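Observations on the three-dimensional arrangement
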Amino acid sequence: MVTVNTFKENKGKKKMTMLTAYDYLTAKNIDEAGIDSILVGDSLGMVMLGYPNTLSVTMEDMIHHGKAVVRGAKNCMVVVDMPFMSYQASKEEAIRNAGRLIKETGCQAVKIEGTYFDYIKAITDAGIPVVGHLGLTPQSVNSMGGYHVQGKSSEAAKKLISDCIKLEEAGCFAITLECVPRRIASYITKKLNISTIGIGASNECDCQVLVWQDMTNYGNTKPAKFVKQFANLYEEEQKAFKEYKEEVENQTFPSKDHTYIMSDEDYHEAIKDFEE
Ligand code: KIV
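Given the structure is predicted, the values throughout are model-derived calculations rather than measurements. The residue count restarts for each chain, going from 1 along the sequence in the order it is written. At least 70 in pLDDT is required for a residue's local features to be given in this predicted model, at least 80 for side-chain atom pairs to be given and counted, and no such filter applies to totals for whole chains, interfaces and linings, which use all residues. Side-chain calculation: all heavy atoms of the structure are included, whereas hydrogens and water are not.

**Quick look at the site of the ligand**
Close contacts around the ligand come from Thr 20, Leu 39, Gly 41, Asp 42, Ser 43, Asp 81, Lys 111, His 133, Thr 176, Ile 199 and Val 211, and that covers them all. Between Asp 42 and the ligand, the recorded distance is 3.0 Å, taken from a side-chain N or O atom to an oxygen atom. A distance of 3.1 Å separates an oxygen atom of the ligand from a polar side-chain atom of Asp 81. Notes on the ligand: free accessible area 260 Å², of which the protein chains cover 95%. Throughout this entry, Asp, Glu, Lys and Arg are counted as charged residues, while Ala, Val, Leu, Ile, Met, Phe, Trp, Tyr, Cys and Pro are counted as nonpolar. The remaining residues, Gly among them, count as polar. Considering only residue class, the shell around the ligand consists of three nonpolar, five polar and three charged. Near residues are defined by distance, with any heavy atom within 4 Å of the molecule or strand qualifying the residue. Counted as a polar contact is a pair of N or O atoms within 3.5 Å, where, for protein atoms, one must be capable of donating a hydrogen and the other of accepting one, and residues adjacent in sequence contribute only when both atoms are in side chains. Methods summary: accessible areas were calculated by the Shrake-Rupley approach with a probe of 1.4 Å, and residue burial reflects only the protein chains presented.

**A closer look at the domain arrangement of the protein chain**
Domain start and end points were adopted from an automatic or database domain assignment. If you check the domain split of the protein chain, you get domain 1 (4–231) and domain 2 (237–275). In this structure, domain 1 and domain 2 have C-alpha centres spaced 48 Å apart.

**Re the packing of helix 8 (residues 154–170) against helix 9 (residues 182–191)**
As a rule, the C-alpha atoms of each element are fitted with a line to give its axis, helices using only the stretch in contact, and angles between N-to-C directions run from 0 to 180 degrees. By the criteria applied, helices consist of DSSP H or I runs no shorter than four residues and strands consist of E runs no shorter than two, each listed in order from the N terminus. Two numbers describe how helix 8 lies on helix 9: the axes approach to 10 Å, and their chain directions differ by 25 degrees. Here helix 8 lies roughly parallel to helix 9, going by the angle between them. For the crossing formed where helix 8 meets helix 9, the hand is right-handed. Residues Ala 157, Leu 160, Ile 161, Cys 164 and Ile 165 of helix 8 lie in contact with helix 9, whose contacting residues are Ile 184, Tyr 187, Ile 188 and Lys 191. Partitioned by chemical class, the residues of the contact of helix 8 with helix 9 number eight nonpolar, no polar and one charged. When an angle is under 35 degrees it counts as roughly parallel; over 145 it counts as roughly antiparallel; between 65 and 115 it counts as roughly perpendicular; any other value is oblique. By convention the crossing between two helices is left-handed if the near helix lies anticlockwise of the far one by an angle smaller than a right angle, and right-handed if it lies clockwise. The contact definition used throughout considers only heavy atoms, calling two residues in contact when any of these lie within 4.5 Å.

**So, unusual backbone geometry**
Backbone torsion omega between Phe 253 and Pro 254 reads -5 degrees, so that peptide bond is classified as cis. Along the chain, the position of Pro 254 falls in the loop between helix 11 (233–249) and helix 12 (264–271). A positive phi angle, near 70 degrees, is found at Met 85, a position not held by glycine. Tracing the backbone through its elements, the reader meets Met 85 in the loop between strand 3 (77–81) and helix 5 (91–105). Phi is positive for Ser 202, close to 75 degrees, though the residue is something other than glycine.

Structure follows, in structure tokens:
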């Protein structure tokens, strides 16, 4: 089973993989494919619940989906995102909510966006493994003025590097770097003793993460620059749905193979009392 120790052991030696999942079956399929880790991302707000961003996602949403994922993941390490306003207001609330995610879902770690160093230290001191998240942090979409590459200027890159070092000092066992230039992601990965998990942060990171619906084109949306579509599930599913409709309408489905049969004798016996 993949644990925080696997991240430590593989640092600088073996690249690791992470995908998002939000339900039992997807988690089971990801696990069976040998992916190392699953993130129950607050991206579920968009891809599962149809919100325009992650801001409306609640602790209850994360717990509901996190529980289902944990039931499907046997070998994968499961990390659950702390949703917007579940940790920003106070250290106490941050510890309590991190604890709820661990206790109520059975996941092994939580992920927190931003530079809440003291809160993260308190959570890791309570024995809860934390993944940090810097670069593009979608919960701050309003203050960032949209979704853009981060750390591009020397000033911004300097702050990013310094924040990553502080997150390591606060006890994070890994840091997600989202939409960060390759050279900076590479520098941070070499500088830190903990793993970097890249999304739009080049192949220099120790681990890669993608939203599963993006990398399979399940949602048929225009992919971000950093997304590679490894399959086209939207097309496959559309084909299946349309063939189903056609076959029902022309009565080729259900065929004999999909139909239960009864003997003449039993049939006549069953209906005889209802006949004139
Ligand atoms: O919520 C999420 O899916 C994430 C990944 C994009 C890293 O945070």
